[in-house]
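Residues per chain are reported as follows:
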Amino acid sequence: MNSFASHYKEPAPILDKENPFESMMERFEIAAKIIGLDQGLYNYLKAPTKQVITSIPITMDNGTLEIFEGYRVIHNNVLGPSKGGIRFAPDISLDEMKALAAWMTWKCAIVNIPFGGAKGGIKCDPSLLSQAELERLTRRFTSNLLDVFGPDRDIPAPDMNTNEQTMAWIMDTYSMHSKRTETAVVTGKPSLIGGSLGRREATGRGVTSVVLGALHKLGIKPNDSIAVIQGFGNVGSVTAQALYEQGVKIVGLSDVNGAIYNSKGFNINEMIDHVERHKTLIDYQNAESITNEELLELQCDVLIPAAKEDQITSKNAKKVKCKIIAEGANGPTTAKADPILQSNGILVIPDILANAGGVTVSYFEWVQDRMGYFWTLDRVNRRLDRMMHEAFTNVYKSAEKHNVSLRIGAYIIAIEKVAQTLKLRGIYA
Ligand code: NAD
């Protein structure tokens, strides 16, 4: 038997999944046309700077040899070293990495941090691997990419199924080869080895900041508003708690096992305790059980998809009944759903703005590592809030100026910034 088969599960088919790279390019093309982007620059920004596919041989705990496939795509590094997560999942592809890497380029440009965009991962099912196998896999992947990674070149971070421990292994492997401790080669590390305070909560805090900005624009007071949140992991639960503290009533929640509804609103602190104890939301007593599809169609002011990509599609977009969508997840709305939401007057705060709080505090972590001086949580949060507020204001102005959605307004800012920087730097030949 091919031993790879024992560690590789075919992913469940996702209905109405649109190719993520094409979805990204559809929006890019609209924005590029509006600003009259030169054809040469268009071609340059469309093509990733570097795409690496690497073979990772690992001796498994039972002594057999298995070969895994790893990827790193650097979309662009004109603004600075490239930055982006590493995910471990059975269904990743180079196309997905290309889209996610490009989104990182745009995200960093929108929040005005000096990074380019990258993304990487290993095709594997981490639930079938022991901790020791995961460590060997991570270390060999890192050593295969030693000439790609680096504090001034390309800086990984955690993503789906990777965590602080994964980053610690990458940092240690890289440091062993450099013969010195290089904390700034990754972000999202444990604070004991150079991680930043506030990194875990940063994405949810950023989502909250843009939701409050959007409510303000629509003249809705937080304590008069109703929200629904899909996904109750890092992003979903932190956003839920922060909005709850602002007086927002959260009537719908979900996780991978299902969704729950309570018209009176959930006590989010109680829900966080419940999930810590039971590992899922769905057996919570004071709620009505609904499907994930029904959750997305609940009447509310703010809908926050904070789970995964391709949730609001051309099929269900017309049934969405909120005023604001804040994309905590990456790519939760397909390109084909965009015009439907826009024609229904729904204000969509795009992922490349809404969830950029995470990469912003990753940038703070890199800055602190390089200075060797660490900030208080208060300083991290104040700077994050200021940068998210500025980014939201800039995107809003760009959308108004060009009479487009916030998403296209955000792409316009990002493409203009990268294109102008490229023009200044010139093409080295
Ligand atoms: P997580 O693994 O902590 O949480 C994911 C949550 O979504 C879990 O509650 C899971 O049960 C739920 N979920 C999974 N599949 C679902 C489904 N089909 N329906 C409903 N719920 C489902 O992940 P996270 O870090 O919170 O990331 C969530 C999203 O936010 C991802 O798209 C990620 O790329 C994006 N994101 C995360 C960060 C970050 O800093 N963590 C930063 C930027 C973007």
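Residues numbered from 1 in each chain as written. Predicted model: local features only at pLDDT ≥ 70, side-chain atom pairs only at ≥ 80, totals over all residues. Heavy atoms only, no water.

Draft legend 1. Broad picture of the side chain of Thr-142. Secondary-structure assignment places Thr-142 in helix H4 (residues 131-144). On the accessibility criterion, Thr-142 (0% relative accessible area) is buried. Residues contacting Thr-142, with those up to four places away along its chain left out, are Phe-149, Ile-170, Thr-173 and Tyr-174. (Helix = DSSP H or I, 4+ residues; strand = E, 2+ residues; numbered from the N terminus. Buried < 20%, exposed > 50% of the residue type's maximum accessible area, 1.4 Å probe, protein only. Contact = heavy atoms within 4.5 Å.)

Draft legend 2. Structural detail: helix H6 (residues 199-217). Over its 19 residues, H6 runs 28 Å from end to end, which matches the ideal 27 Å to within 8%, given 1.5 Å per residue. Residues Arg-199, Ala-202, Thr-203, Gly-204, Gly-206, Val-207, Thr-208, Val-210, Val-211, Gly-213, Ala-214 and Leu-215 constitute the buried set of H6. (Expected span 1.5 Å × (residues − 1).)

Draft legend 3. Region of interest: the domain arrangement of the chain. What the domain assignment reports for the chain is domain 1 (48-184) and domain 2 (202-354). The distance between the C-alpha centroids of domain 1 and domain 2 comes to 29 Å. The interface of domain 1 with domain 2 comprises five residues on the first partner and five residues on the second. Between domain 1 and domain 2, a total of about 610 Å² is buried, with carbon and sulfur atoms accounting for 62% of that surface. Three residues, Trp-103, Lys-107 and Ile-110, lead the burial of domain 1 against domain 2; their summed loss comes to 66% of the area buried on that side. Here domain 1 and domain 2 share zero salt bridges between them. Where domain 1 touches domain 2, the interface holds one residue pair in polar contact (both at pLDDT 80 or more). (Domains from an automatic or database assignment. Buried area = accessible area lost by both parts, 1.4 Å probe. Salt bridge = Lys/Arg side-chain N within 4 Å of Asp/Glu carboxyl O. Polar contact = N/O pair within 3.5 Å; in protein donor to acceptor, adjacent residues only side chain to side chain.)

Draft legend 4. Seen up close, the sheet that holds strand S4 (residues 116-123). Spatially, S1-S2-S4-S3-S5 is the arrangement adopted by the five strands of the open sheet, whose pairing is mixed. Because the sheet does not close on itself, it has two edges, and the strands there are strand S1 (50-59) and strand S5 (154-158). This sheet shows a mean twist of 25° between the axes of neighbouring strands, independent of strand direction. In this structure, S1 lies alongside strand S2 (residues 65-76), joined through ten bridges in antiparallel fashion. Looking at S2, one finds that Ile-58 is bridged to Glu-66. (Pairing = 2+ DSSP bridges. Axes fitted to C-alpha atoms, helices over the stretch in contact; angles between N-to-C directions.)

Draft legend 5. Up close: the side chain of Thr-183. Relative to the elements of secondary structure, Thr-183 occurs in the loop between helix H5 (164-178) and H6. Judged by its relative accessible area of 19%, Thr-183 falls in the buried class. Beyond its immediate chain neighbours, meaning those up to four positions away, Thr-183 contacts Met-171, Lys-189, Ile-193 and Asp-369.

Draft legend 6. How the structure looks around the site of the ligand. Taken together, 20 residues lie around the ligand, and Thr-203, Phe-232, Asn-234, Val-235 and Val-256 are the ones closest in. The contact in question runs from an oxygen atom of the ligand to an N or O atom on the backbone of Asn-234, over 2.9 Å. Between an oxygen atom of the ligand and a side-chain N or O atom of Asn-330, the distance comes to 3.0 Å. Of all elements in the fold, only H6, helix H7 (234-245) and strand S7 (249-255) reach the threshold of two or more residues within the shell around the ligand. Here the shell around the ligand is built from residues that sort into six nonpolar, ten polar and four charged. (Near = heavy atom within 4 Å. Nonpolar A, V, L, I, M, F, W, Y, C, P; charged D, E, K, R; others polar.)

Draft legend 7. Focus on helix H3 (residues 94-110). Across its 17 residues, H3 extends 24 Å between first and last C-alpha, which sits within 8% of the 24 Å expected from 1.5 Å per residue. Where burial is concerned, most of H3 is hidden: 15 out of the 17 residues are buried. Directly beyond the C-terminal end of H3, a positive phi value near 65° is found at Asn-112.

Draft legend 8. Quick look at the pattern of salt bridges. Summed over the entire model, instances satisfying the criterion amount to 20 salt bridges. Arg-407 serves as the salt-bridge partner of Asp-351, at 3.7 Å between the closest nitrogen and oxygen. Pair noted here: Asp-351 is in helix H11 (residues 351-354) and Arg-407 is in helix H14 (residues 406-425), with a separation of 56 residues, a long-range link. The exposure classification of Asp-351 matches that of Arg-407, with both residues buried.

Draft legend 9. Representation of the pairing of S5. Summarising burial for S5: four of the five residues are buried, a large majority. Pairing of strand S3 (residues 82-89) with S5, which is carried by five bridges, proceeds in the parallel orientation. Looking at S5, one finds that Gly-84 is bridged to Pro-156.

Draft legend 10. Spotlight on the packing of aromatic side chains. In the structure shown here, the tally under the stated rule is eleven aromatic pairs. Look at Tyr-363 and Phe-364: their rings are 6.1 Å apart centre to centre, the planes differ by 45°, and that puts the pair in the tilted class. Among the residues examined, Tyr-363 registers a relative accessible area of 19% and is labelled buried. For Phe-364, a relative accessible area of 3% translates into the label buried. Put simply, the rings of Phe-115, Tyr-363, Phe-364, Trp-366 and Trp-375 pair up and form one aromatic cluster. (Phe/Tyr/Trp six-rings, centres within 6.5 Å; stacked < 30°, edge-to-face > 60°.)

Draft legend 11. Quick look at the packing of H6 against H7. Between H6 and H7, whose axes approach to 8 Å, the crossing angle comes to 50°. The angle between H6 and H7 places the two elements in the oblique class. Taken as a pair, H6 and H7 cross one another with a handedness that is right-handed. Along its contact with H6, which presents Arg-200, Glu-201, Thr-203, Gly-204, Arg-205, Val-207, Thr-208, Val-211 and Leu-212, the element H7 presents Asn-234, Val-235, Val-238, Thr-239, Ala-242 and Leu-243. (Parallel < 35°, antiparallel > 145°, perpendicular 65-115°, else oblique. Left-handed = near helix turned anticlockwise from the far one by under 90°.)

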